[in-house]
Amino acid sequence: MSAELIIFFVLAALAVLGALSLILQRHPIHSALSLIVVMVALAGLYLLQGSEFVAAVQIIVYGGAIMVLFIFVIMLLNAGEEEHTNFSKLANIAGIPLAVAVAGFIAAAILHSGQPLPSTAGEGTLTSTKALSMMLFRDFVYPFELTSFLILVAILGAIVLAQRER
Amino acid sequence: MTAFLTQYAFLIAAIIKIAILVFMVLTVDAYLTWLERKVIAHIQARWGPRRVGPFGLLQPLADGLKFILKEDPMPTSADRTAYFLAPFITLMLALTSLAVIPFGPDFTIFGYTTNFGIADVNISILVLFAITALSVYGVALAGWASNNKYSLLGGLRSSAQMISYELALTLSVVGVLLIAGDFSLKGIVLQQQTATLGFLSWNIIGVGHGYGFTQIVGFTCFFIAAIAETNRVPFDLPEAESELVAGFHTEYASMKFAMFFIGEYTAMISVSALATILFFGGWLSPFPSTWGFTEYLPTLLLALLGAYAIYISIGYETTFGRILIPGVGSALIVVGLVLALIPDLNHFIQGPFWFVAKVFVFLFFYIWMRGTLPRFRYDQLMAFGWKFLLPVSIANVVVTSAVMLWRMPR
């Protein structure tokens, strides 16, 4: 087994365990911490794929900025442990079979596609940051600007809502 | 055996480098506390530590012993996992950040060429920012997990402060990145190297790159934001002792407290190293490389220091003064002579010598500010970060790009 494969399985296991813990933890802070583990494990997977810029940005933006805000809000609201509710009957009956079915469909689709998934990993072929920025700011500049406009709208909306409370 | 060595040379070199770096950084951390106490004492017309060992030099060891031997209580209502995790996160991230810092040019030892630092990553500056982004968790979790209102307030303040100043910190570096066109710290240093201009070609002055531009505004923003990120005076609101007891680490004692402490000092070192690399030419000598004789400067300094030690020993009448001080003085002179007589060795230490010298200037500046400035008020801190520092660093990016466009050959 190659070293890359071992690292992949370690990171994948970490991501899946983190995601499970995110759902199963009772306290919001513990859930948020599990989500950080997932984010960092995903960054490791990106690094394994040879896109080091995306990996760093994944940690800076998701692991850092966004999750810090999550934790900040949870701490500020001083949210306690979740109330333990009985799952709804529908979730009890249909939940696990549906999850298995979705996972099975995805696995079957990958296995039957007949060819290995395209991979960027290879000896010394790191995706250059320059190529990425060229693509983002030249080829896809309109979607990019549109996204930033959407975020601006969201920020404005938050400010309007906050103003109305006064 | 040789085959084994050549196959695993990278791993072996990395492990040796990590061991040396961790040992040196922890030692420097310990003596930084000594230096801080001494300098602040002298600013306040006191003596500082002088009981334990000569000039109080064994004080860090005594402190360390005390930290290890103290009882380590935990608040009964604390959140156990987060309470244990917080100091480890802080220390681990602080030490990891040093892994990507180049302390000197590449060198060859026993026929194996390696970089002067642990990892030579082509996105090293982004790795540093990622680590900075994650290091908020140590402080925030410590404050929350202690289940103490002072700790919680300290943790909240710290998270808010670090989120606010991270923006200015990242944006102030963009000017340098534009000029260098490279995310690698080694590349940024090499780009500041010219044959004849010496320190004039460092990014802080920025002459001689064709389309370079002075980054003095960027540096000012960077350093102010960096002080806020490391929670030091005048931005030490997370642990403002007159309001919050000790802030986020109120409930921590013994080695866990020491871990926060070491983490803070290591963060200071890595931020100073980053400022050195980005704006002050990293390991480059401030003199033009044609001035070969400046390579003997470390020798000269060591010899002068040794001579001074021997000179002050004349005034002592104790065994310590009569034997130890002249001994240390002659040892320094001998080391200086060895450097002067072995040109290869002398050439090898030039990079680290200048790097460490510049880093210590920043560390002294940190301590000097702690002895000089009062603490900000919380609303002043937020207003300063958002309404002044952030716009100025954005303006720096715009002006730098405009000047570069204007000077670029068309």
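1. A few points about the overall build of chain B
Looking only at helices and strands, one finds 15 helices and two strands in chain B. On C-alpha atoms alone, chain B measures out to a radius of gyration of 23 Å, which is about the 22 Å that the 2.2 N^0.38 rule sets for 410 residues. By principal-axis analysis of the C-alpha atoms, chain B measures approximately 70 × 60 × 55 Å. With 410 residues in all, chain B has 40% of them scored as buried. Considering only intrachain contacts with a sequence separation of at least 6, the fraction spanning at least 24 residues in chain B is 74%.

2. Notes on the overall build of chain A
Across its full length, chain A holds six helices and zero strands. In chain A, the succession of helices and strands from N to C terminus is α-α-α-α-α-α. Expressed as a percentage of contacts within chain A between residues at least 6 apart in sequence, the contacts between residues at least 24 apart total 57%.

3. Quick notes on the environment of Val207 of chain B
Note on placement: Val207 of chain B falls in the loop between α8 (185-191) and α9 (216-229). Filtering out sequence-adjacent residues up to four positions away, Val207 of chain B remains in contact with Leu197, Leu200 and Ser201 of chain B.

4. Description of the confidence of the model for chain B
Residues with a pLDDT of 70 or more make up 96% of chain B, whose mean pLDDT is 83. Two numbers describe this predicted complex: its pTM, 0.83, and its ipTM, 0.75.

5. Considering the packing of helix α1 (residues 3-24) of chain A against helix α2 (residues 28-48) of chain A
Residue and element names in this part refer to chain A. Relative orientation of the contacting elements α1 and α2 amounts to 160°, with a least axis distance of 8 Å. For the element pair α1 / α2, the angle class is roughly antiparallel. Pair α1 / α2 crosses with left-handed handedness. Facing Glu4, Ile7, Phe8, Leu11, Leu14, Ala15, Gly18, Ala19, Ser21 and Leu22 of α1, the residues of α2 in contact are Ser31, Ser34, Leu35, Val37, Val38, Ala41, Leu42, Gly44, Leu45 and Leu48. Broken down by class, the residue content of the contact of α1 with α2 amounts to 14 nonpolar, five polar and one charged.

6. A closer look at the domain arrangement of chain A
It is common to give the size of an interface as the accessible area that goes away when the parts come together. By domain assignment, chain A separates into domain 1 (1-81) and domain 2 (128-166). Each of domain 1 of chain A and domain 2 of chain A has a C-alpha centre, and the two are 23 Å apart.

7. Here we look at the interface of chain B and chain A
Facing 17 residues of chain B, the contacting portion of chain A comprises 15 residues. For the side of chain B that touches chain A, the secondary-structure elements that each account for two or more residues are α5 (124-134), α6 (136-145) and α7 (149-180) of chain B. In terms of residue count, α5 of chain B provides more of the side of chain B that touches chain A than any other element does, six residues in total. Looking at side-chain class alone, the side of chain B that touches chain A contains 15 nonpolar, two polar and no charged residues.

8. Remarks on the nonpolar core
Ranked by size, the top nonpolar core spans 112 residues in total, and within it Ala56 and Ile59 of chain A together with Val127, Ala130, Leu141 and Ala225 of chain B carry the most contacts. The element that contributes the greatest number of residues to this core is helix α11 (residues 254-279) of chain B, accounting for 16 residues.

9. Here's the deal with the confidence of the model for chain A
Averaged over all residues, the pLDDT of chain A equals 81, while 86% of them reach at least 70. Between residues 120-125 of chain A, whose pLDDT stays under 50, and residues either more than four places distant or in other chains, the model counts ten contacts.

10. Overview of unusual backbone geometry
All names here are of chain B. One non-glycine residue, Ala45, lies in positive phi territory at about 55°. Its place among the elements puts Ala45 in the loop between α2 (9-43) and α3 (59-69). Under the C-beta neighbour-count criterion, Ala45 is labelled exposed, with 6 such atoms within 10 Å. Phi is positive for Asn147, close to 55°, though the residue is something other than glycine. Of note, Asn147 is situated in the loop between α6 and α7.

11. Considering the environment of Thr90 of chain B
All names here are of chain B. As for its placement among the helices and strands, Thr90 is situated in helix α4 (residues 80-97). Classification of Thr90 as buried rests on a count of 28 C-beta atoms within 10 Å. Apart from the residues within four sequence positions on either side, Thr90 is in contact with Ser135, Gly138, Val139, Met259, Phe260 and Gly263.

How each quantity is defined
- Residues numbered from 1 in each chain as written.
- Chains lettered and ligands numbered in written order.
- Predicted model: local features only at pLDDT ≥ 70, side-chain atom pairs only at ≥ 80, totals over all residues.
- Helix = DSSP H or I, 4+ residues; strand = E, 2+ residues; numbered from the N terminus.
- Rg over C-alpha atoms; globule rule 2.2 N^0.38 Å.
- Buried ≥ 20, exposed ≤ 12 C-beta atoms within 10 Å, placed from the backbone.
- Contact = placed C-beta atoms within 7 Å.
- pLDDT = per-residue confidence, 0-100.
- Axes fitted to C-alpha atoms, helices over the stretch in contact; angles between N-to-C directions.
- Parallel < 35°, antiparallel > 145°, perpendicular 65-115°, else oblique.
- Left-handed = near helix turned anticlockwise from the far one by under 90°.
- Nonpolar A, V, L, I, M, F, W, Y, C, P; charged D, E, K, R; others polar.
- Domains from an automatic or database assignment.
- Core = buried A, V, L, I, M, F, W, Y, C linked by C-beta atoms within 7 Å.

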